[in-house]
Structure formats: C-alpha cells, structure tokens
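An overview of the molecular structure
Residues per chain, in single letters:
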Amino acid sequence: MAEAQAVNAAIISGTVIAKEIRDSLAKQVTEMQNNFNGFRPALAVIQVGGRQDSNVYVREADILIVANGKPYYEYVGGGWIKRGVVVIDCSINATEDETKKNSQRLLGDVNYEEAIKVASYITPVPGGVGPMTVAMLMKNTILSAQRAVNQLAQNKWNFTAEFVRRSEYCL
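Residues numbered from 1 in each chain as written. Predicted model: local features only at pLDDT ≥ 70, side-chain atom pairs only at ≥ 80, totals over all residues. Heavy atoms only, no water.

Moving on, we come to a nonpolar patch on the surface. Together, Ile-17, Ile-21 and Leu-25 make up a nonpolar patch on the protein surface, roughly 260 Å² of accessible area in all. The topology assignment puts Ile-17 in helix H1 (residues 14-35). By relative accessible area, Ile-17 is classed as partly exposed at 38%. (Patch = residues over 30% accessible without salt bridge, like charges linked within 9 Å, V, L, I, M, F, W, Y side chains within 5 Å. Areas by Shrake-Rupley, 256 points an atom, 1.4 Å probe, with all protein chains shown as cover. Salt bridge = Lys/Arg side-chain N within 4 Å of Asp/Glu carboxyl O. Helix = DSSP H or I, 4+ residues; strand = E, 2+ residues; numbered from the N terminus. Buried < 20%, exposed > 50% of the residue type's maximum accessible area, 1.4 Å probe, protein only.)

This next bit is on the sheet that holds strand S1 (residues 63-66). The three strands lie next to each other as S1-S2-S5, forming an open sheet whose pairing is parallel. What marks the edges here is a single partner per strand, and that holds for S1 and strand S5 (121-122). As judged from the four bridges shared by S1 and strand S2 (residues 86-89), these two strands associate in the parallel manner. Considered in S2, the bridge of Ile-65 is made with Ile-88. (Pairing = 2+ DSSP bridges.)

Mapped onto the secondary structure, Asn-93 falls in strand S3 (residues 93-96). Of the residues examined, Asn-93 reaches a relative accessible area of 9% and is grouped as buried. Of the polar contacts made by the side chain of Asn-93, one reaches the backbone oxygen of Gly-108; its length is 3.5 Å. Residues in contact with Asn-93, not counting those within four places in the same chain, are Gly-69, Lys-70, Pro-71, Arg-105, Leu-106, Leu-107, Gly-108 and Asp-109. (Polar contact = N/O pair within 3.5 Å; in protein donor to acceptor, adjacent residues only side chain to side chain. Contact = heavy atoms within 4.5 Å.)

The next point concerns the pattern of salt bridges. If you walk through the whole model with that rule in mind, you get one salt bridge. Between Lys-82 and Asp-62 there is a salt bridge whose closest N-O contact spans 2.8 Å. Placement of Lys-82 in the loop between S1 and S2 and of Asp-62 in the loop between helix H2 (54-58) and S1 is noted, with a sequence separation of 20 residues between them. Overall, the relative accessible area of 30% leaves Lys-82 in the partly exposed class.

The structure is reproduced here in structure tokens:
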C-alpha cells in the first residue's frame, strides 16, 4: 500500500488581500478626488451583529453593499438610505409566507419596495447578485481553463534517445 504524502497548502490570507484592496481603493479615490474637484465618495459600514447605529453610516453612502443576512424588516429600511444611492443587496433570506406555494418568500437585507423609490440603481432579491455571481464564476472558470490550455500549448516536449533509454523511465 502506498504511503500517504503530506500536502502543504498555501495559506491565502484574507487580511493581506484586504489590505492590498484597501490600499488600491485609497489610491483610486485620491486620483478621482484630484481629477474631479469636489468628488467625495461616502462609505457605508453595516456592523456585524445588528448594531442600531449602523443607519448613521448607511445614510451617507453613495454605494451601499449589504450582506448582513437579516431580512429587511429586521434591518435596513428604505428610510435609512439617501436619494440617488446605488444599492447592492447581497443577501437572500427565506422567510415564512403562507401565500406562496412552498410557504417561503425570499427577501434581501434591504426593503426593496421602499429603496426602489429613492435609489438610482438597485439589485433585486432574488435575481440580482446571485445570477451575476454565477455568471462571473463561470467566466473566470473559462478564463482559467484558457490560460491552462495556453500554458500547455507553449510547453515543448523534448524526448531524447538518452531520456528514453534510461531504465528508470522505462518499464
């Protein structure tokens, strides 16, 4: 029986990647501020754990990305957001609804019916972020496969007579 070989996985540090992303975003915002006088993007932070003061940050957001995992009636009401905001609701919550065939209704974290009246753009739930995520995963899978094929196509096999004659390479 063959012995199991130890596998040493590379560790992907979310902290390091997040810092790189933050640094890149800070640079891009600075460039936009320099190029467009008066430009000031706002940042919204929704605290994990349902902090009640989250609405203070949300009201200032130009782009609001919500992924708290609580249905809107428990969390982000339409009154929390300012006119013209772009709302990206990443959550999907199954709630009881006896009027539905399967007794469930899918809701996001943002009250869609209220938010659509003031937002400039909004993703619906369901049908917004989920299909886009699947499409991007498929696109990136194809791109990765194309890169792998291109890499294999560039490799040149070099079988010499000496290589083939060596007993360790032959049965």
